[in-house]
Number of protein chains: 2
Amino acid sequence: MMPWVMAFEEGSAEDRARLGGKGAGLAEMSRIGLPVPPGFTITTEACLAFQDQKRLPDGLMDAVWTHLAQLEKKAGRRLGDAAAPLLVSVRSGAPISMPGMMDTVLNLGLNAETAQGLGQETGSRRFALDSYRRFIQMFGNVVMHMDHGLFERALEAVKGEAGVTEDQELSADALQQIIDRYLKLVLDRTGQPFPTDPRQQLEMAIEAVFDSWNNPRAQVYRRINKISDQLGTAVNVQAMAFGNLGDTSGTGVLFTRNPNTGQPGMYGEFLTNAQGEDVVAGLRTPRPIEELKAVLPATYQQLQEVCALLERHYRDMQDIEFTIERERLYLLQTRTGKRTARAAVKIAVDLVKDGVLSKEDAIARQDPAQVAQLLYRQIDPAAELHEMAKGLPASPGAAAGQVVFDADEAERRGQKGEAVILVRPETTPDDIHGIVAAQGVLTSRGGMTSHAAIVARGMGKPAVTGCETLRINLAEGTFTVGDVTVKAGDLITIDGGTGRVIQGEVETVAPTLFDEFETLLGWADGIRRLGVEANADTPEDAQRARDFGAEGVGLCRTEHMFMGQDRLPVVQEMILAETERERARALDRLLPMQEEDFFGILKAMDGQPVTIRLLDPPLHEFLPDEGDVAAELADSRAKGDLRSVERLTRVLGRARQLFEFNPMLGFRGVRLGIVYPEIYAMQVRAIFRAEARLVAAGFDPHVEIMIPLVGVAAELERMAALVADVHAEEERRSGEALPYQVGTMIEVPRAALTAGAIAETAQFFSFGTNDLTQTTFGYSRDDAESKFLPAYLADKILPENPFVVLDADGVGQLVRMGLEAGRKTRPDLRVGICGEHGGDPASIRFCHEVGLDYVSCSPYRVPIARLAAAQAVLATATRG
Amino acid sequence: MMPWVMAFEEGSAEDRARLGGKGAGLAEMSRIGLPVPPGFTITTEACLAFQDQKRLPDGLMDAVWTHLAQLEKKAGRRLGDAAAPLLVSVRSGAPISMPGMMDTVLNLGLNAETAQGLGQETGSRRFALDSYRRFIQMFGNVVMHMDHGLFERALEAVKGEAGVTEDQELSADALQQIIDRYLKLVLDRTGQPFPTDPRQQLEMAIEAVFDSWNNPRAQVYRRINKISDQLGTAVNVQAMAFGNLGDTSGTGVLFTRNPNTGQPGMYGEFLTNAQGEDVVAGLRTPRPIEELKAVLPATYQQLQEVCALLERHYRDMQDIEFTIERERLYLLQTRTGKRTARAAVKIAVDLVKDGVLSKEDAIARQDPAQVAQLLYRQIDPAAELHEMAKGLPASPGAAAGQVVFDADEAERRGQKGEAVILVRPETTPDDIHGIVAAQGVLTSRGGMTSHAAIVARGMGKPAVTGCETLRINLAEGTFTVGDVTVKAGDLITIDGGTGRVIQGEVETVAPTLFDEFETLLGWADGIRRLGVEANADTPEDAQRARDFGAEGVGLCRTEHMFMGQDRLPVVQEMILAETERERARALDRLLPMQEEDFFGILKAMDGQPVTIRLLDPPLHEFLPDEGDVAAELADSRAKGDLRSVERLTRVLGRARQLFEFNPMLGFRGVRLGIVYPEIYAMQVRAIFRAEARLVAAGFDPHVEIMIPLVGVAAELERMAALVADVHAEEERRSGEALPYQVGTMIEVPRAALTAGAIAETAQFFSFGTNDLTQTTFGYSRDDAESKFLPAYLADKILPENPFVVLDADGVGQLVRMGLEAGRKTRPDLRVGICGEHGGDPASIRFCHEVGLDYVSCSPYRVPIARLAAAQAVLATATRG
């Protein structure tokens, strides 16, 4: 059995689980010779034994007395010794920080005799009595469970009688009066006298701290923060250092660097003649740490040296508590300091430059989720705000603007430079122009892959979707949440990173790309094996992706091109065509538009691969809503507008014909290409024509044509033959050699299961893990995320949302199988992933481990992917 | 190289591919010593060489002359010899029968001289000239491509001049006149004289038969019947036997048994003094074969002996052509006779009883698709009918009745004993009572797994779904197809086995279960390894399944119980409940109803396992259609019916809340059980209460509780724990031991992929291959079958509809993986299949091969499954 009590100098930073964070820090600092008041730690194991037996375990107090004796020796004082009384602090300290959740007792060891001795020894009766008063108050509250207010009222009463307002102004006599009242209060309220035996005090305090592990607020905190109840807390017993021994004494907290910006140099505050609780209580305003230089220059310099030493030792920015007792510096705590995303990057890079950290460590320690914050507009963390509703965090970033319920109006006002938020029950292709012009999108229906979510993410525009508490009344131009009604034109702010909807306009802060970030990503590029590409549908997206470091476009969706306002009518014409000739005519009109689309993207990605996915969504997505058309039709009928009636009747008929029970599993992807090969032929022709122009102009386009939703090898064979036919025609027509590759998405289980046969034709695979997750689980993302997934995550039936973190056991198994079978057929098969998982760090690590060639993600996730891909290498290397 | 020409006696029945069916039959009959006119066969390989080179290949005619010389020797006659002229028939004969598609020439070898010689030899100038006349006519038409009508008109002209009406009445002189006219006609029309050299005739005829392989009607026939163009046809050259040599001669066709009923005894017809073409042409009415006994008793007896010999030799009923030349019997063809489903079974069983066939062979040779016809009402094959539309063959069987557009009316009239067909755009749970009362269902929307299809199949009721050419006008009570309008009350007939919709009432014939069928199935039971269970939701279904030989209920769906008219309101109450208490109240009311359901089924299946699947479909399926409610609400509002407005508003709100984009992938199955455990708890309680009552009454119920749609092992763990809790309560409550098993459907890919973990809890697996096919392919069956699957099947992108025949490469791989992983965890895991594939022979064979324990299918498919399971054993044994 490990010992239940360890002196500080017996432990180290490694012992965090047994000593708690605070104990491990004190041990480590003692070990490396920093000025730490002597003490010992009672381990978490003792706490667990206590929880188990509902009392201090046998032998524990014996060990405490043994260590106390050693402590007394080191301190040159003894507990209860009136001549040279030892006072100690008794502090909790769990392995995972739970700030303020558990209890602490300071100045333990005081009674009438030792207080008097302390007064004589320090030459300050007032200090001694103030310490005694504080001790009774804290012990009474924490150990004897008395209401804090009782002591406060007694204190206030004496202050009133003495005619003073500040604690500091109380005389020694007044303090003695307070002590007397406190002691009586304890006796009256608890029926027991305040313990005068310091050993009894210590035993009671230890018990109380152990007890506090299970106080209600600690339980709640652990539940919220997902901290196990089985960790327990350690108890640190440490000789008191007194910051309240006059103006050469003091106490403070500081970060070794600025936690907001990462700037080097101490960042913190202090109070002279004070104990730690005074800083926390906020009764006096602490002073910036720089001012300590003027007050106690030598101590300030020592503090600077200690900070440098701690950073070098821990190889990270530290968060420190210290006390100065008559110019003598004591460290009471050190821990890794929390910091902003920006500071995290800067500190890591600076530490590398200072030679403290390796590049690998600088990368490994970044939290990608935090780094992601650097890439979106954020709600100013300092802002006060009224959160009125919460939806799904569909597309990160924050945006504020006036509420608009109509896409046309959003476009009109957006083009005038006004900031608007488009609010809709859900969006359709008809709303695209409104989304383009708006600052952000808010919908009451639809999940993380609803139209609004996908389009907004593609544009890097904030979106909150599926906000089901929103009741939208389009007719009246209002939405209501509970009893709050928001009208068109009212200001709201949305936070697409958290799903918050906030009333009014809240300050937002812009994303920042800065030197240290670029430096860090450059190092990551040197380490990672996975390629990082981007999902981009426009030349602007492609350029942005390239700016963010993408090495190609791993997914260029062509359907968004079809949804442009100039295209949609022609696309609808194509869909409504009743003869092949009519359809051919509409396709002929689309051809030059598509050619320009591809020309722009291929040009922007000159020299890098661009994987163009042919049309994927079901055709009905391009038709207006059935209900809307029916209403419009009734209207036209009433007006006697025959031409309109005729057109709308056709639209309605076709919409009904294309209706699907489960569009996700319907007539889409390559199924369209098989039934309407002329659509794919048009797209392929446009690609090759764009390529031909670029080749002729001296560019170096890398064309990859991707067939979506293949599940049967024959589908891909047919489509590859069609591509080859068009290719031959266009090479002849242009007189240019037009290199290309043809491949497929692996996004239904059958494709993964028959990947060997598919790879006979496919030159590359791209795992479409969004759809693959839907079909492997049998979850419609739109429905799952609004219906049962929240319960599944809350109940831990699933460890993570599988649409966010790739499900290694199920979906991942298909990825492995598909990869292996594909590479067996075609060893040089290029294999990547282009679902949303391509931007998720845990999923990127999986992709690295199974041996994919690249990940492709939203341009805004590219930096995260570069970082995570490097972290994957480091984690695998460490583990291996 | 194999020889291009083979004498009959050189070949055998094995040589069908090279000799064609007819050639192989003639060879085999020759080989076993039956009276076959001598001849030889030119192989299909020669035909393919001809097709390739567009001319008779070198050396072919040399081989023909060699064989001709042998033939002349055997026949004692020579081609072109005026004294003893040899006449031959030249007949096509492909490896797969293509009746009437290719050409034949009879009486070849005649010219003026040989005709005269033949007349002298046979003593009948008339016979010789008639044969010559026939030859010119046939040769002119088949070989020289002259219009048949030209000869007919010349024949009629001479008949007119001679004043006779029948060919038989023509005198020899008249026939000579006809021959003269025919010869002139040939010269006039083709510019060439009719060939008089018999060798030239033979070469031309062989070429013409080869040519006929690619005539348009043969090509079309092959395309329709999926016969390869690469087979080619053989040509049989055979000495003519003359059935037209007077009244002791004749010709006929017969089956060795009755092909309709399977009754033993010859079944056929004959004509005296006729050639084969006379029987086919139908100018004279043939006489029943029995009458031959009186006409030519010895020949009749010889024929009977030959039939017996042939059946014994071929071990099957034969279809024979014969000719009698002056009392001498010649066989011209034998082949396996086509027969009805009923005859197929009876003949096989009779042949086993006769010792001709083994039981195994009797089973192996049944076509399960044909046998299936025995289990449903069929449209009378003899009926004339007007097919007005074609939908999906959603539930087999034929039904006729008056069109009814409303479920309530269907129920009202059905209960009065009227035959009605319920016609709806699609059906919902609200229509169940109408379906129960109707003879059949016809819908214009929905696929093979639409509500209508599933419910109808479950009830064994004919249904045609997704008949998209139907335009239904509910308001007017009509439906229209093209320009035909059918009103409510009009008679229609539907054929759920083919999807046909027929105007008017067509005769149907009832299914027949007869002794031989039971005998055959009994033999199958002795051979098969797979268990056969049934999908049954009611005691009646369960009893029917048992009558059909089911060994348990492999799938008892509980949702159909929820849809009963008395249940639905309570179910809706449960769904609309706003508090747990309200829900509990509704569930309390459902509990005794469910208990009765389970009591009935468990009792019917006493001693056999009943696998009860807990509630599976999304809750919105139990709510009325959103549009209907909205309309009703508007109505109630107008009437000022406040109570109704309130209720409907709640219904509408809940329906909208439960709305799903992809219900197939939505909030259903175990997901309901996780979120609303009280629903599953109620069902489980009802099961155990029913079990307790049965156990107390001395029955032996075998309860298996099946959790649907599990994809994550933790889902099953939770539900198994819930089952165990309720079980403990109910054992306590009843004081009975209540054995049970708990298991799961494997119906999403992830379940198969993580089957090892799931089997930690599951005691049995049932592969739900309907859903597994949907998710593995990413096909919504409802959408796929009406949108793109037809194109996929037509284009051969898929070899079969994967919803009908289990996809071994994809879905089957998951079945294998799931089975292996499950059995690795739990070696005694019971594993079956309960999708529709459980009743499909090819899929059953797959199930046998991978080692499943049982299949479960519709009660009406149970006999087919028993047969197919036995065939699987036989096929595997043969192969192995």
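Treat the numbers as computed from the prediction; the structure is a model and nothing was measured.

Draft legend 1. Representation of the overall build of chain A. Scanning chain A for helices and strands turns up 36 helices and 31 strands. Counting only C-alpha atoms, chain A reaches 110 × 65 × 55 Å along its principal axes. The 880 residues of chain A split such that 58% are buried. Taking all contacts inside chain A whose residues are at least 6 apart in sequence as the whole, residues at least 24 apart take part in 68%. Surface accessibility of chain A: about 34300 Å² in total, with carbon and sulfur atoms responsible for 48%. Of the charged side chains in chain A, 93 are positive and 124 negative; the average position of the first set lies 1 Å away from that of the second.

Draft legend 2. Structural view of the packing of helix α24 (residues 626-639) of chain A against helix α25 (residues 642-658) of chain A. All names here are of chain A. Contact geometry of α24 with α25 gives a least axis separation of 9 Å together with a crossing angle of 155 degrees. With respect to α25, the axis of α24 lies roughly antiparallel. When you trace α24 past α25, the crossing you get is left-handed. Residues E626, V629, A630, E632, L633, S636 and R637 of α24 form the contact with α25, whose participating residues are S644, V645, R647, L648, T649, V651, L652, A655 and R656. Considering only residue class, the contact of α24 with α25 consists of 8 nonpolar, 3 polar and 5 charged.

Draft legend 3. A look at the sheet that holds strand β24 (residues 531-535) of chain B. Residues and elements named next belong to chain B. Read around the closed barrel, the 8 strands follow the order β24-β25-β26-β27-β28-β29-β30-β31; overall the barrel is parallel. Across the sheet, the mean angle separating the axes of adjacent strands is 25 degrees when strand polarity is ignored. One ladder, built from 2 bridges, connects β24 with strand β25 (residues 553-557); its direction is parallel. Looking at β25, one finds that A534 is bridged to V553. Contacts from helix α27 (residues 677-696) reach β26 (609-613), β27 (702-707) and β28 (740-746) within the one sheet, and its direction differs from that of β27 by about 170 degrees. The sheet strands contacting helix α34 (residues 811-825) are β29 (764-767) and β30 (830-833), and the helix crosses β29 at an angle near 180 degrees.

Draft legend 4. Main features of the packing of helix α6 (residues 148-162) of chain A against helix α7 (residues 172-190) of chain A. Residues and elements named next belong to chain A. Where α6 contacts α7, the axes come no closer than 10 Å and their chain directions differ by 145 degrees. Both α6 and α7 take part in a crossing whose hand is right-handed. Only A174, Q177, I178, R181, Y182, L185, V186 and R189 of α7 make contact with α6, whose side of the interface consists of L150, F151, A154, L155, A157, V158 and E161. Broken down by class, the residue content of the contact of α6 with α7 amounts to 11 nonpolar, 1 polar and 3 charged.

Conventions we followed
- Residues numbered from 1 in each chain as written.
- Chains lettered and ligands numbered in written order.
- Predicted model: local features only at pLDDT ≥ 70, side-chain atom pairs only at ≥ 80, totals over all residues.
- Heavy atoms only, no water.
- Helix = DSSP H or I, 4+ residues; strand = E, 2+ residues; numbered from the N terminus.
- Buried < 20%, exposed > 50% of the residue type's maximum accessible area, 1.4 Å probe, protein only.
- Contact = heavy atoms within 4.5 Å.
- Areas by Shrake-Rupley, 256 points an atom, 1.4 Å probe, with all protein chains shown as cover.
- Lys, Arg positive; Asp, Glu negative; His and termini not counted.
- Charge placed at Lys NZ, Arg CZ, Asp CG, Glu CD.
- Axes fitted to C-alpha atoms, helices over the stretch in contact; angles between N-to-C directions.
- Parallel < 35°, antiparallel > 145°, perpendicular 65-115°, else oblique.
- Left-handed = near helix turned anticlockwise from the far one by under 90°.
- Nonpolar A, V, L, I, M, F, W, Y, C, P; charged D, E, K, R; others polar.
- Pairing = 2+ DSSP bridges.

Take it as geometry only, folks, not as evidence of what the structure does.
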